[in-house]
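What the coordinates show
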Amino acid sequence: MNARFTSPNASLLEGGQNTDLDWRLIGTIDDIPAQGARCVKNGETTIAVFRTADDRIFALEDKCPHRNGPLSQGIVHDGCVTCPLHNWVISLETGTAQGADEGRTASFPVRLSGRDIYLNLKPGA
Amino acid sequence: MSRQRLVIIGNGMAPGRMLEHLFEASDAYDVTIFNAESRVNYDRIMLSPVLSGEKSFDDIVIHDDAWYASHGITLHRGQKVVSIDRDSQTVTSEGGITAGYDKLVIATGSNPFIIPVPGHKLPGVVAYRDLDDVQAMKRAAALGGRAVVIGGGLLGLEAAAGLKAQGMDVTVLHLMPTLMERQLDPAAGYLLQKELEGRGIEVRCGANTKQILGEAQVEGVELEDGTVIDASLVVMAVGIRPNVQLAQEAGLEVGRGIVTGTDMKTSDANIYSVGECAEVEGRVYGLVAPLYTMAKVAAAHLAGASDAAFAHAETPTKLKVTGVNLYSVGEFGDGPELEDVVLRDAKRGTYKRVILKDNKVVGAVLYGDVADGMWYNELLKSADCVEAMRETLIFGQAHQGGGVAADPLAAISNLSDDAEICGCNGICKGQIVNAIKDKGLTSLAEVRAHTKASASCGTCTGLVEGVMALTLGDTFAKKAEGMCGCTDLGHGDVRRLIVAKELKSISAVMQELEWKSSGGCAKCRPALNYYLLSDWPGEYVDDQQSRFINERVHANIQKDGTYSVVPRMWGGMTTAGELRAIANVVDKFNIPDVKVTGGQRIDLLGVKKEDLPAVWADLNAAGMISGHAYSKGLRTVKTCVGSTWCRFGTQDSTGLGIKLEKFMWGSWTPAKVKLAVTGCPRNCAEATCKDIGVICVDSGYQIVYGGAAGLHIQGTTELGTVKTEDEVIEIAGAMTQMYREQGFYLERIYKWADRVGYDTVKSVIFDDLESRRAYYERFVHSQQFAQVDPWSERVSGVDKHEFNPMAVFGLPNDTTVQEPAE
Ligand code: SRM
Ligand SMILES: Cc1cc2nc3c(=O)[nH]c(=O)nc-3n(C[C@H](O)[C@H](O)[C@H](O)COP(=O)(O)OP(=O)(O)OC[C@H]3O[C@@H](n4cnc5c(N)ncnc54)[C@H](O)[C@@H]3O)c2cc1C
Ligand code: SF4
Ligand code: FES
């Protein structure tokens, strides 16, 4: 596998666990509305791919740590998404709940090549 | 004691305050006021926000008609006094009204100074002193073009910022080398100039006006150096002169102003003078704080024997231009005995300078970061020796005594009880705290009413709220919050500023109103999106990403991520055809549950998101549109069977309900709106717990409003009874529009009506046919953009991305492992 594709989670590479890399081209930035999200289905799992106002891309499993709310349907703001069901605020980068709430959603490494978005279907740690 | 006659000449801020003090202490006088201006007493300081459009005249009235009536005051408006006869103790006005006095107060304020250059009398040359000037400026601004403001002092710069906000090009001409040289040192003046230039205001210092050009109307200004600046408006704001003519003619002692003792009595013991026209111990004043002190002293003497005496105090200067922070107090010149401590931060554009004399603070000039202004002023007043904290003095109060206070309230809690919070009204922290405790005050409005703190220029509002938060604890902290963590402005301020500053996008609001977060949050963005949609119908483009999911995909999200679909059933009526179409959709898409809602229609529950467009297409095909069961907008109009079937029915309640629903569907509102029309007072459609309800009676239609039966059960309030369906429809539209324009996001009609007053709603919507009509027409106008069925829009492809996954992997035949090319 091409070493250029460093995961945001560097330990994956250091361990040389190439089996943890499964990069897929999912589309371009323009497919996702700014401050919005789209879903990618991988078998049973739904992954929400978010685009922030400043065109950063993040991917989280589409399941709120609270009661599995579909995060892809929430409002995106300040590097976070507010869950549509009960308003927990989840960090896009780490998947952790902000403020007083506790919990974490799996996050997936994302890479940009030009405007193309590559998603690693294996979640980060 | 027989009642005495008190006559006052001039109805400005100083005598207005004097009367308040006087009425508290005594009711011995029959009061007569003559005023050259034809209006009640208003807050002259706040003319700049009126000019910029941030406030209306009504917002700045200090005493309304009712106040004069309740104190039995005779107010002669538009009656300039032309003579005082001290022998017969009478005054006479231009209009020939003569009044006798036992005591007379001269409060004629000052006149703006007009430089007598050629052309100064041309139409289009105005001063900046009263509401007439503001109105003249606003009229000129409506025509566009360039305004030249002569004078770069406090008034001139406020005028310049106001005219810029009104959309004019603006040039400020200032004779001196730096702006506001009487209040700011050159360094701060320079920062201020840069800030104004950054906002598109042209500033020319060292500019000497030679003449004003134009034939029948101002066309430009020529400077001594020959430069010509085109202009359609010239504002002269070069200074004021105490208005002493009357006093002079009456033979009173006059210097720069009308000379008084520290008891505010002129050289005639029956005549007092207060305000900008008065001269005490050789000084005249142009800011309200000392004038209010004069008012208090004069009131005390009028009320009876008193030893109250006026004493000079330094008044800090602030500029009321939104976003410009400057503060100056006391001395700031250079002198051998003066020492400076200066702190500059070029990156943040801040400048702080504290001036010491014999280790005591004698002045401070702050630009950009003014949080410590009050503290320096306190040190100045107390004349404490600051030697011990010289090293850290300039860093501000939070840095004293070691701890660096990150808590914004810490600075306020450190203030002593006699630290002055409201400069205009001379109100100290202790007075506010005591008022809150003694009188059980909980809102800013109450604190203003009882203490006057922050009731004049308003720049200390944040501090007053801070004192309230400290005194009341958490109970207040919540109320003082802005819309959300991204701004300190409340919903009302934001709504007003969106209109005043013509902000037409979410990013413009965030930029202009100085949002603290980069892109807002899930609380403020939906609110802003609604405000913009409501204020600029047809112009603002709805921001889908700022909408809650239900409104974005036009269906209600359920606990498992599926959606529910509720088509409209007008007035609760349906047909076999509609029911058949619904049944077909349920079968075709395997919809798990079908339920009759509490809103007289049918809910299809558990629809998969990707099926939504196809479900809608089928419902559309049968003539059904979105029921907006998800929206902050019109939900349902419940009806009963009414006169069509019911033996008690008095009117066609079903038909009227359908008409109302067809008229009002699609409108976005601050929170949901539910209506009901019931055929008789038995009220089977539950009209008395709806946002707007109609109860049919023999003689017509009784309209009620402000009900709810959700988290809070609230019966409606009666609006009135009308004779025709058309009137019902007009009133429902007008009331909804008033609510749309004034409501805070998520505030239902009953909460809005509580806030603005049920009487107000009734007088605007029911009693005043003209204003009812105007609101109705604005509602109709905005409906033409709102009545688009969101379902058919999406069926035809709008927001396709919402309903389709971006990519699908993991299917049995998925073998693609993608790698980007080198
Ligand atoms: C479906 C329905 C219950 C039912 O099965 O009958 C219902 C369902 C919901 N109601 Fe309701 N309400 C329904 C009639 C009512 C009524 C009765 C009525 O309208 O006559 C009330 C009390 C009347 C009132 O509004 O004052 C009512 C008071 C509420 C409230 C409390 C509102 C309040 O201001 O206190 C909420 C919460 C909210 O809006 O924030 C709410 C919210 C909800 C939400 C939207 C909860 C949510 O956010 O997901 C539910 C959506 C379920 C869905 O997907 O359809 N629902 N809800 C009814 C739909 C009516 C319709 O046809 O549109
Ligand atoms: C645009 C603007 C902004 C300001 N901003 C601030 C600020 O931020 N902070 C601050 O402290 N101060 C500010 N001021 C100054 C403050 O408004 C004045 O100091 C204060 O209003 C003066 O009060 P007064 O009662 O002496 O006179 P005024 O309020 O001027 O009242 C005098 C009244 O007497 C009437 N009158 C005059 N002659 C006669 C007559 N012969 N017969 C009958 N009536 C007569 C006039 O029509 C006028 O209505 C500002 C002033 C202006 C114009
Ligand atoms: S009462 Fe309304 S909000 Fe509560 S569970 Fe029932 S439908 Fe949902
Ligand atoms: S499921 Fe996300 S907040 Fe409850």
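None of the values given here were measured: they were computed from a predicted structure. (Residues numbered from 1 in each chain as written. Chains lettered and ligands numbered in written order. Predicted model: local features only at pLDDT ≥ 70, side-chain atom pairs only at ≥ 80, totals over all residues. Heavy atoms only, no water.)

Attention now goes to the state of the cysteines. Residue and element names in this part refer to chain B. In this structure the tally under the stated criterion is 0 disulfides over all chains. Unpaired in this structure, Cys680 has its nearest cysteine sulfur neighbour in Cys646, at a distance of 6.1 Å. The class for Cys680 is buried, based on a relative accessible area of 7%. (Disulfide = S-S within 2.5 Å. Buried < 20%, exposed > 50% of the residue type's maximum accessible area, 1.4 Å probe, protein only.)

Bringing the confidence of the model for chain B into the picture now. Residues and elements named next belong to chain B. Considering every residue of chain B, the mean pLDDT works out to 90; 96% of them sit at 70 or more. Across chain B, element-level confidence peaks in strand 33 (residues 673–678) with a mean pLDDT of 98 and bottoms out in helix 14 (residues 474–480) with 60. Below pLDDT 50 for its whole length, residues 402–406 participates in 5 contacts with residues either more than four positions away or in separate chains. ipTM for the predicted complex: 0.66, alongside a pTM of 0.58. (pLDDT = per-residue confidence, 0-100. Helix = DSSP H or I, 4+ residues; strand = E, 2+ residues; numbered from the N terminus. Contact = heavy atoms within 4.5 Å.)

Quick look at helix 24 (residues 749–756) of chain B now. Residue and element names in this part refer to chain B. The set of residues buried in helix 24 consists of Ile749, Tyr750, Trp752 and Ala753. Projection of helix 24 onto a plane perpendicular to its axis shows the buried side chains occupying an angular sector of 160°, all on one side. The secondary structure elements touched by the buried residues of helix 24 are strand 34 (692–697), strand 35 (700–705), strand 36 (708–709), strand 37 (713–714), helix 23 (725–742) and helix 25 (758–767). (Arc of directions from axis to C-beta.)

Every contact between the two is made by 37 residues of chain A and, on the other side, 37 residues of chain B. Summing both partners gives a buried area of about 3,000 Å² for chain A against chain B, and 55% of it is carried by carbon and sulfur. Contact with chain B buries area across many residues of chain A, yet Arg38, Gln73 and Ile75 of chain A alone supply 22% of it, more than any other trio. Seen at the junction of chain A and chain B, the total is 1 salt bridge. (Buried area = accessible area lost by both parts, 1.4 Å probe. Salt bridge = Lys/Arg side-chain N within 4 Å of Asp/Glu carboxyl O.)

The next point concerns the pattern of salt bridges. Residue and element names in this part refer to chain B. Under the definition given, this model contains 43 salt bridges over all chains. Two residues, Lys352 and Asp372, come together in a salt bridge whose shortest N-O distance is 3.5 Å. Of this pair, Lys352 sits in strand 24 (residues 350–357) while Asp372 sits in the loop between strand 25 (360–367) and helix 9 (373–382), and the two are 20 residues apart along the sequence. On the basis of relative accessibility, which here comes to 10%, the residue Asp372 falls in the buried class. A salt bridge links Glu725 to Lys659; its shortest N-O distance comes to 2.4 Å. Of the two residues, Glu725 is situated in helix 23 and Lys659 in helix 22 (residues 653–664); the sequence distance between them amounts to 66 residues. On the basis of relative accessible area, Lys659 is assigned to the partly exposed category, the value being 43%.

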